[in-house]
Amino acid sequence: MKTSMKTILITGAAGGIGSHLRRELAGKYRLRLSDRRTIKPLATGESFVRAELTKLGELLRAARGVDAVLHLGGYSVEGRWEDIHPANLVGCYNAFEAARLCGVKRFLFASSNHAVGFYRRDQVIDHRVPLRPDSRYGVAKAFGEALGSLYADKYGMQVFCMRIGNVNPAPLDKRRLSIWMSPRDMAQLVTIGIEHPDIRFEVVYGVSGNTRSWYDNANALRLGYRPQDDSEAFAAEVLARERPGNPRAETYQGGSFVHAESIPNPSAPVRARRRATTKGRTGKKAKREAKK
Ligand SMILES: NC(=O)c1ccc[n+]([C@@H]2O[C@H](COP(=O)([O-])OP(=O)(O)OC[C@H]3O[C@@H](n4cnc5c(N)ncnc54)[C@H](O)[C@@H]3O)[C@@H](O)[C@H]2O)c1
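Residues numbered from 1 in each chain as written. Predicted model: local features only at pLDDT ≥ 70, side-chain atom pairs only at ≥ 80, totals over all residues.

A.B. asks: Describe the overall build of the protein, with residues and values.
C.D. replies: Of the regular secondary structure elements, the protein holds 11 helices and 9 strands. Within the protein, contacts between residues separated by at least 24 positions form 64% of all contacts whose residues are at least 6 apart in sequence. (Helix = DSSP H or I, 4+ residues; strand = E, 2+ residues; numbered from the N terminus. Contact = placed C-beta atoms within 7 Å.)

A.B. asks: Pulling in residues and values, what's your account of the site of the ligand?
C.D. replies: Lining the immediate surroundings of the ligand are 27 residues, of which Gly12, Gly15, Ser76, Ala110 and Ile164 lie closest. Going through the elements one at a time, α1 (16-25), α3 (81-101), β5 (106-112) and β7 (166-167) are the ones with two or more residues in the shell around the ligand. With 3 residues, α1 is the largest single contributor of residues to the shell around the ligand. Across the shell around the ligand, the residue classes break down as 10 nonpolar, 12 polar and 5 charged. (Near = placed C-beta within 6 Å. Nonpolar A, V, L, I, M, F, W, Y, C, P; charged D, E, K, R; others polar.)

A.B. asks: Any chance you could break down unusual backbone geometry for me, citing the residues and the numbers?
C.D. replies: Of note, the bond from Lys40 into Pro41 is cis; its omega dihedral lies within 30 degrees of zero at 0°. Along the polypeptide, Pro41 turns up in the loop between β2 (30-35) and β3 (46-50).

A.B. asks: Which residues make up the confidence of the model for the protein, and what are the values?
C.D. replies: Taken over all residues, the pLDDT of the protein has a mean of 92, while the share at 70 or more is 90%. Low pLDDT, under 50, characterises residues 277-289; the predicted model gives this stretch 17 contacts beyond four residues in sequence or across chains. (pLDDT = per-residue confidence, 0-100.)

A.B. asks: Describe helix α6 (residues 183-195), and please don't skip the residues or the numbers.
C.D. replies: Between its first and last C-alpha atoms α6 spans 18 Å; for 13 residues at 1.5 Å apiece the expected length is 18 Å, and the two agree. Those residues of α6 lying buried are Asp185, Met186, Gln188, Leu189, Val190, Ile192, Gly193 and Ile194. (Expected span 1.5 Å × (residues − 1). Buried ≥ 20, exposed ≤ 12 C-beta atoms within 10 Å, placed from the backbone.)

A.B. asks: Tell me about the pairing of β2, and name the residues and values.
C.D. replies: Of all the 6 residues making up β2, 5 are buried; the element is thus mostly covered by neighbouring parts of the structure. Here 4 bridges tie strand β1 (residues 7-11) to β2, and the two strands are oriented parallel to one another. The residue bridging Leu9 from the neighbouring strand is Arg32, located in β2. This β-α-β element, β1 to α1 to β2, shows right-handed connectivity. Note that β2 and β3 share 5 bridges and pair parallel. Bridging across to β3, Leu33 finds its partner in Phe48. (Pairing = 2+ DSSP bridges. Right-handed = clockwise from strand over helix to strand, strands pointing away.)

A.B. asks: Could you give an account of the packing of α1 against α6, with specific residues and numbers?
C.D. replies: Axis separation between α1 and α6 bottoms out at 9 Å; the angle between their running directions is 75°. In terms of orientation, α1 lies roughly perpendicular with respect to α6. Facing Ile17, His20, Leu21, Glu24 and Leu25 of α1, the residues of α6 in contact are Pro183, Arg184, Met186, Ala187 and Val190. For the contact of α1 with α6, a count of residues per class yields 7 nonpolar, 1 polar and 2 charged. (Axes fitted to C-alpha atoms, helices over the stretch in contact; angles between N-to-C directions. Parallel < 35°, antiparallel > 145°, perpendicular 65-115°, else oblique.)

As structure tokens, then:
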């Protein structure tokens, strides 16, 4: 029997993770890409619907008729409350609400390690630990997880919250050896979030099978996640170029987010990035601090 291909709405699809997932999920799903930035060119099986997250009506247009929403859109680093609030609280609420109003049952939320970034690096944490956000950004992710819990309990939505570490083809520094996620492992976890029949409200860690992991990712493993990658393969090279950093940042899992007031947003125009940095720095050092 031929089953029809599912259609997945990806918000924030113009961003870094969206770009990896477009490649990884090509041919597996019909991808309805959404962002406030234009995405082109589109590949086979992709369509684009522009939507500003703060406008529910635009998200309703984007979410109509899809099988699942993968909500990646938002302000993706620590920033001013004036930037975090509309994108990550209002925007996240609108994304859940659009899914509910459009009858979409499955919702995948890109949460973050920064929702629990104030756990120390000498601790291993699982999906049941109390939230310990390390930043306004982390608080917004905690809010998103709480919304997910509400929509699961109240409306029967199936919600899959991924506390993502850092998605990149290779880990960039010592901290990220513990939280790295390869694009193909990200795609595997997302596929579980879309396909697994028994999801109600789940929290999992979006990390590869890293030897130096700070996470007990038992819930993801229970749902069938079998990461293919381990950051250890990059460890020697990464550690050889590592320089000592801020001691407070190095104590906690969240790294520089535990003391940062603002970090340049990688997807913002250069002028906005300069405004967002506390000291107006946009050079190499400031960019290195954008440690998601
Ligand atoms: N990249 C990582 O390793 C990582 C780690 C943890 C969590 N996350 C989360 O995963 C998601 C994707 O991360 P990313 O690295 O691809 O981020 P990104 O900054 O590269 O992309 C975010 C996208 O959201 C869009 N966006 C922002 N505000 C919007 C608005 N008001 N309306 C419409 N679109 C808007 C931006 O245009 C951008 O394309 C984010 O929610 C981020 O917080 C990412």
